[in-house]
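What follows is each chain in one-letter form.
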Amino acid sequence: MLTKFETKSNRVKGLSFHSKRPWILASLHNGVIQLWDYRMGTLVDQFDEHDGPVRSVQFHRSQPLFVSGSDDYKIKVWNYKLHRCLFSLIGHLDYIRTVEFHQECPWIVSSSDDQTIRIWNWQSRTCVSILTGHNHYVTCASFHPKDDLIVSASLDQTIRVWDISTLRKNTVAPSDDVLRSKQLSQINSDLFGGVDAVVKHVLEGHDRGVNWASFHPTLPLIVSAADDRQVKIWRMNDSKAWEVDTLRGHMNNVSCVLFHARQDIIVSNSEDRSIRVWDAIKRTGTQTFRREHDRFWILASHPEMNLLAAGHDSGLIVFKLERERPAFAVSGDYMFHVKDRFLRCYKFSTQSDTQVILIRRPGTTSFTQGAKRLAYSPTENAVLICSDVDGGSHELYTIPKESYGMGEMLQEVKRGMGGSAVFVTRNRFAVLDKSSNQVQVKNLKNETVKRIVLPAIADAIFYAGTGNLLCRAEDRVFIFYLQQKMILAELQTLFVRDVVWSNDMANVALLSKHTIGIASKKLVHQCTLHETIRIKSGAWDENGVFIYTTLNHIKYCLPNGDSGIVRTLDAPVYITKVSRDTIYCLDRDGKNHAIVIDATEYIFKLSLLKKRYDLVMGMIRNSNLCGQAMIAYLKQKRFPEIALHFVKDERTHFNLALESGNIQIAVAAAKEIDEKDLWYLLGVEALRQGNAGIVECAYQRTKNLERLSFLYLVTGNIDKLSKMLKIAGVKNDVMSQFHNAMYLSDIRERINILENTGHLPLAYVTAAVHGIRDIAERLAAELGDNVPSLPAGKLPSLLRPPSPILCGGDWPLLRVTRGIFEGGLDNVGRNVQEEDEEEAGADWGEDLEFLDVENMPNADINVALEYEEMHEENEEGGWDLEDLDLPPMTDTSDTASHANSSVFIAPTPGMPVTQIWTQKTSIAAEHAAAGNFDVAMRLLSRQLGMKNFAPLRPLFLEVNMGSQSHLHAFSSAPVMSVAVSRGWNEIASARGPPALVFKFSQLAEKLKAGYKAFNMKKLPEALQLFLSILHIIPLIVVDSRREVDEVKDLINKAKIYVLGLKMELKKMEMKDDLVRQQELAAYFTHFDLPLNHRRIALMNAMEACFKTGNYSAATNFARRYFQTNPTVESQIKKGRQILQASENKNDAYQLNYDFRNPFVVCGATYEPIYRGQKDVACPYCSSRFVPSQEGQLCSVCELAEIGSDASGLLCSHSQLR
């Protein structure tokens, strides 16, 4: 048994696979129905409207429906897309045991403890036939896959086969006679069970009650299971049915049994805690699987895949009986594989597949079903086929060259024990004997040549080069050299399922269930890659990239561990070879496929990794590489200068230019966009680089006069600082005037400013301290008795800013060589040939012997310095020395070390915590906390279809500010920004996810406040509260799957109230339209509200209809109101009065409202959308709309685009695992 998925829950009584999606339904004994994704291992949905144990459940083959039967006597039909029950079928008088859809007709068959079988039409929601005849509980009833038959099992120890062909004829094409006798047939059906279904066969043979019976998919066979611990096989024809054989082996009641859809086997399970597999031809048991404590109750098989499921006391298990991976071996241009009864050879160059030899005798089935691995020796043309049959065995075939294409020849086979066997030389192969932990080296006659004891316990061996074995232990692998009997290398790893060597044997991929480990030929670990779903196969391409498949993707893995998706798969495949842009693979049926892929992305990344920049530049010029993912990858790998060439958006261009330090491109982009925020960022970066000219320009564009004044101060530009003082005076900015006066050390101007603003005491103190006596005396006369006293014994000192170290130009920068990507691509597509330009004539500028250093940009300052140094070196140029034949100088270690020591390498900055937050997360709230608002918006657009982010803007800012803190170390140091992480501890430091200001508990409080406002009829206030819940939910993060479900439930609740409150406010605006008021009130009563609020809605609708004379509608609302068991006496009295006054009266107005036909309300037009009518939904809040609203903004949540595709809400890391 290969377990694919397992759950822990209450007792599982019913199971059903979805025919297309990887889903399984499980009905539990506690009344809950669970919908699981067995591929991802996640709970998709949960339904809990039944009041008792749910004993059976089944998907419809084509519609988004499933049916369930329970001990509450109800059959419920559900729509899993709408997440709700559509209707209930009531008629059974006791517990319902099984329910099942018909393959073609709109029928459901149900069996019950009321000793009847009923057939229902789920479209008309009526019972079309009742089958009576059993005299005890009917435990099972199911349709035949093709014929008009039903098989049923009962505790009266019989199995009955029913013929329903008459029912089909009457249903599909009723005759005139049938139509005339319809009333009589209905009476017969009610009294005697009807004549549409008759008993064809009664099978008796079990000694106790029969628990299960099922048809064979194609043959006229029935298999049954009973409390007598036996499984019986029955055969039938048109006239009779008889017992064929009995299968014995179970030790307790047999709960369920079925035929396998693809193989000649029978699977049964029992209360003896076992699942047994029986050979349907030999009628013997082949396998038994047991659990220690759990009894099995139900079995289910997938309609199209080789999957089975079993329900037991504590959950369910999805499993396969054997692996479906085809056994194959690749040698050069050929691939050998096992299919059906033959060994086949596939030639890659011609894509031809031929039969080679027959590998088992016709009629035997045991061996190829267990073929697990295949090895091939090209020199000897020999094949080893390994299997798990008889505890592990192998078969050796030698292929005659003349047998290619013949296929029917049965070759001599040499068999041996040991399921792990590989060729180690051209004519020797090794077999692992697990019992003695020995490797047996055999020749092609299957004779043991040598026995070698392994130094460590191994459970499998793989090829690792000539004379070497790669042995798999429990927690490691090691390479064993057979000749020297020694371990060459070993590596700690997870349990390895398969080993794939590169073509040159330089690297090896170790494939586990969810992990790929890449190592060198000496088992030096290079990288490890983790996948959430199962890894199926892999192969190396000629560039050293590992291409592998999962259940639904073809992916690649680079030598450094970077990975990505090549393409999506419809069905799992197993890669055999990768050749350039073609992947050759086998499917589960053994068919060969050649899939053409686009390898540009991973070749580009590999070229970057290997620093093949010439290839990178060629691919940038000639290929169509683009997309946010590629830009993000280049930024992550610190290649923003390359990412610049992929970007056409000016804003992204600007950000990448800043990140790469290319200030000139950033200036050009800022001029194009011309936004204040971008100029500010440009000023910060230019200031970091010391480019004072661009800093000045940026401050001027942003009109940041204070920063501009300070810039002039630190650069010593006194003239412009004086102009700033005049500008501040014109703008009447007193503080700016005073600051500029302080920067200029202009005492008289400071006194003048203080005097003009009325601060005469401060003006007097300033004049007196600085010794300006004439002004001080004048101010003292004006102050009179209020002259402030100066402290005695203090020596005044002039308050002046320090002189700047460097006046004027930009900061000096290190001179570096121009990068290959900074200029190599600038002239792409331009016919620029700078070398062809003519040199200037000798008369131009010969008399210029000076350089204007002050006005040079950064890059030219070093040129000027070198120019001066060159002249200094050539001062003795008049002394021409003779050319001597001297030997070349040899570099000494001293000079070399001195040269190395003179090179300054700037340290690279560490990774910011905000970048760590966003590295491996797809949760929008965490990107918003890190300040990546554009990424957060893209994620919300992809996950929830959002297109209006205006309501989220203040929330984004609040989340971002809430995850940052600022510390002030000391006065002369800048303020430090500190990222606040969630769940911080000393070990994890600050590398956890960001702390978020919005929590799920706060939303629960908002929900209560909304309920309270609704009760008090504060409708606008309640609407704002519920709408704020919908706006905040995309920016919260929860921990568990249970909380994820609670968040989704909260979205549904908030959505209902937002729509309902908007309808109520609309109703208040339409005072003159009485009909529309009644319609809106009527629609609101059908919303899924709490009981007390539903009573309010019903009372509101009842009063509105009664006032306008719609007495029939008022009576309907009054009756529905009393069904809620009201408790408020005044409302009860009013309801009774309305009911008495309205009975037997008609409506005065015709309303667009039919309470008998289920409907949902359009969120835009507030019109009903009845069942069967087309509609579209909001991908976020799931509100329904008429099709004409598709593409519009959702008027309920005010965020998402109606009808857009979205992957769903992602608000927990548990959803990513």
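Note that the coordinates shown come from a computational prediction; the quantities given were computed from them, not determined experimentally. (Residues numbered from 1 in each chain as written. Predicted model: local features only at pLDDT ≥ 70, side-chain atom pairs only at ≥ 80, totals over all residues. Heavy atoms only, no water.)

Novice: What am I meant to see in helix H9 (residues 663–673) here?
Specialist: Of the residues making up H9, those classed as buried are Ile663, Ala666, Val667, Ala669, Ala670 and Ile673. Around the axis of H9, the buried residues are gathered within 170 degrees of arc, so they sit on the same side. Along H9, exposed side chains directed more than 90 degrees from the buried face belong to Gln664 and Glu672. At its buried positions, H9 is contacted by helix H8 (650–660), helix H10 (676–689) and helix H11 (692–702). Backbone geometry just downstream of H9 places Asp674 in the positive-phi region, at approximately 55 degrees. (Buried < 20%, exposed > 50% of the residue type's maximum accessible area, 1.4 Å probe, protein only. Helix = DSSP H or I, 4+ residues; strand = E, 2+ residues; numbered from the N terminus. Arc of directions from axis to C-beta. Contact = heavy atoms within 4.5 Å.)

Novice: Help me understand the sheet that holds strand S35 (residues 393–398), please; the structure alone is not making it clear to me.
Specialist: Sheet strands pair via backbone hydrogen bonds, and the direction of the pair is either parallel or antiparallel. Spatially, the four strands line up as an open sheet ordered S33-S34-S35-S36, and their pairing is antiparallel. A strand with exactly one partner marks an edge of an open sheet, and here the two such strands are strand S33 (371–377) and strand S36 (413–417). Pairs of neighbouring strands in the sheet enclose a mean axial angle of 20 degrees, with direction left out of account. Bridging between S33 and strand S34 (residues 382–387) involves six bridges; their strand directions are antiparallel. Bridged to Ala371 within S34 is Ser387. (Pairing = 2+ DSSP bridges. Axes fitted to C-alpha atoms, helices over the stretch in contact; angles between N-to-C directions.)

Novice: What am I meant to see in unusual backbone geometry here?
Specialist: Unlike most non-glycine residues, Gln115 shows phi in positive territory, near 70 degrees. Looking at where Gln115 falls in the secondary structure, it is placed in the loop between strand S11 (107–112) and strand S12 (116–121). Judged by relative accessible area, which is 33%, Gln115 ranks as partly exposed. One non-glycine residue, Gln351, lies in the positive phi region at around 55 degrees. With respect to the secondary-structure elements, Gln351 resides in the loop between strand S31 (342–347) and strand S32 (352–358).

Novice: Explanation requested: H11 in the structure shown.
Specialist: Within the span of H11, buried status applies to Ala692, Ile694, Val695, Glu696, Ala698, Tyr699 and Thr702. In this fold, the buried residues of H11 make contact with H9, H10, helix H12 (705–714) and helix H13 (718–730). At the C-terminal side of H11, Lys703 shows a positive phi close to 55 degrees.

Novice: Would you mind going over the nonpolar core with me for this structure?
Specialist: Inside soluble globular proteins, nonpolar side chains tend to come together where they are buried. Counting 89 residues, the largest nonpolar core has Phe1026, Ile1033, Phe1117, Tyr1180 and Cys1197 as its most contacted members. Broken down by element, this core gets its largest block of residues, 11 residues, from helix H27 (residues 1041–1069). When neighbours within four sequence positions are excluded, Ile1033 is seen to be in contact with Leu1003, Val1047, Leu1050, Ile1051, Tyr1180 and Leu1209. (Core = buried A, V, L, I, M, F, W, Y, C linked by side-chain atoms within 4.5 Å.)

Novice: What is the right way to read the sheet that holds strand S17 (residues 198–204) from this model?
Specialist: Spatial ordering of the open sheet is given by S14-S15-S16-S17, a layout of four strands whose pairing is antiparallel. At either end of the open sheet lies a strand with only one pairing partner, and these are strand S14 (138–143) and S17. Adjacent strand axes in the sheet meet at a mean angle of 20 degrees when their direction is disregarded. Sheet topology note: the strand S15 (residues 149–154)/strand S16 (residues 158–163) ladder contains five bridges and is antiparallel. Looking at the pairing, Ala153 lines up with Ile159 of S16.

Novice: Looking at this model, I keep getting lost on the packing of aromatic side chains. Mind explaining?
Specialist: Each aromatic ring pair is characterised by the separation of its centres together with the angle its planes make. Scanning the model with the defined rule gives 34 aromatic pairs in all. Here the aromatic rings of Tyr1011 and Phe1026 are separated by 6.1 Å at their centres, their planes lie at 55 degrees, and the arrangement is tilted. On the criterion of sequence distance, the pair formed by Tyr1011 in helix H25 (residues 1000–1015) and Phe1026 in helix H26 (residues 1019–1032) is long-range, its members being 15 residues apart. Phe1026 shares its class with Tyr1011; the two are buried. Arranged with centres 5.3 Å apart and planes meeting at 55 degrees, the rings of Tyr1011 and Tyr1057 form a pair that is tilted. Separated by 46 residues along the polypeptide, Tyr1011 in helix H25 and Tyr1057 in helix H27 bring together distant segments of the chain. (Phe/Tyr/Trp six-rings, centres within 6.5 Å; stacked < 30°, edge-to-face > 60°.)

Novice: How should I be thinking about the side chain of Asn446 in this particular structure?
Specialist: Relative to the helices and strands, Asn446 is located in the loop between strand S39 (438–443) and strand S40 (448–453). Look at Asn446 and you get buried, because its relative accessible area is 16%. A distance of 2.8 Å separates a polar atom in the side chain of Asn446 from the backbone oxygen of Arg415. Each residue touching Asn446, except ones within four places of it in the same chain, is listed here: His394, Lys414, Arg415, Gly416 and Phe429. (Polar contact = N/O pair within 3.5 Å; in protein donor to acceptor, adjacent residues only side chain to side chain.)

Novice: Just checking my understanding: could you explain the pattern of salt bridges for this structure?
Specialist: Where charged atoms of side chains with opposite charge meet at close range, the side chains can pair. Using the criterion set out here, one finds 38 salt bridges in the structure. Taking the shortest distance from any N to any O, the salt bridge between Glu755 and Arg778 comes out at 2.7 Å. Here the residue Glu755 occupies a position in helix H15 (residues 747–756), and Arg778 occupies one in helix H17 (residues 773–783), the gap between them amounting to 23 residues. In this structure Arg778 comes out as partly exposed when scored by relative accessible area, which is 38%. Residue Arg1076 is joined to Glu1167 by a salt bridge in which the shortest nitrogen-to-oxygen separation is 3.4 Å. (Salt bridge = Lys/Arg side-chain N within 4 Å of Asp/Glu carboxyl O.)

Novice: How do you make sense of the confidence of the model for the protein when you look at a structure like this?
Specialist: Detailed reading of predicted coordinates is not advised where the pLDDT is low. Per-residue confidence for the protein averages 83 on the pLDDT scale, and 85% of its residues sit at or above 70. Within the protein, strand S7 (residues 65–70) carries the highest mean pLDDT (96), whereas helix H19 (residues 858–873) carries the lowest (39). In the model, residues 361–368 has pLDDT below 50 throughout and makes 14 contacts with residues more than four positions away in sequence or in other chains. Segment residues 824–903: pLDDT under 50, and 29 contacts once partners within four positions in sequence are set aside and those in other chains are kept. (pLDDT = per-residue confidence, 0-100.)

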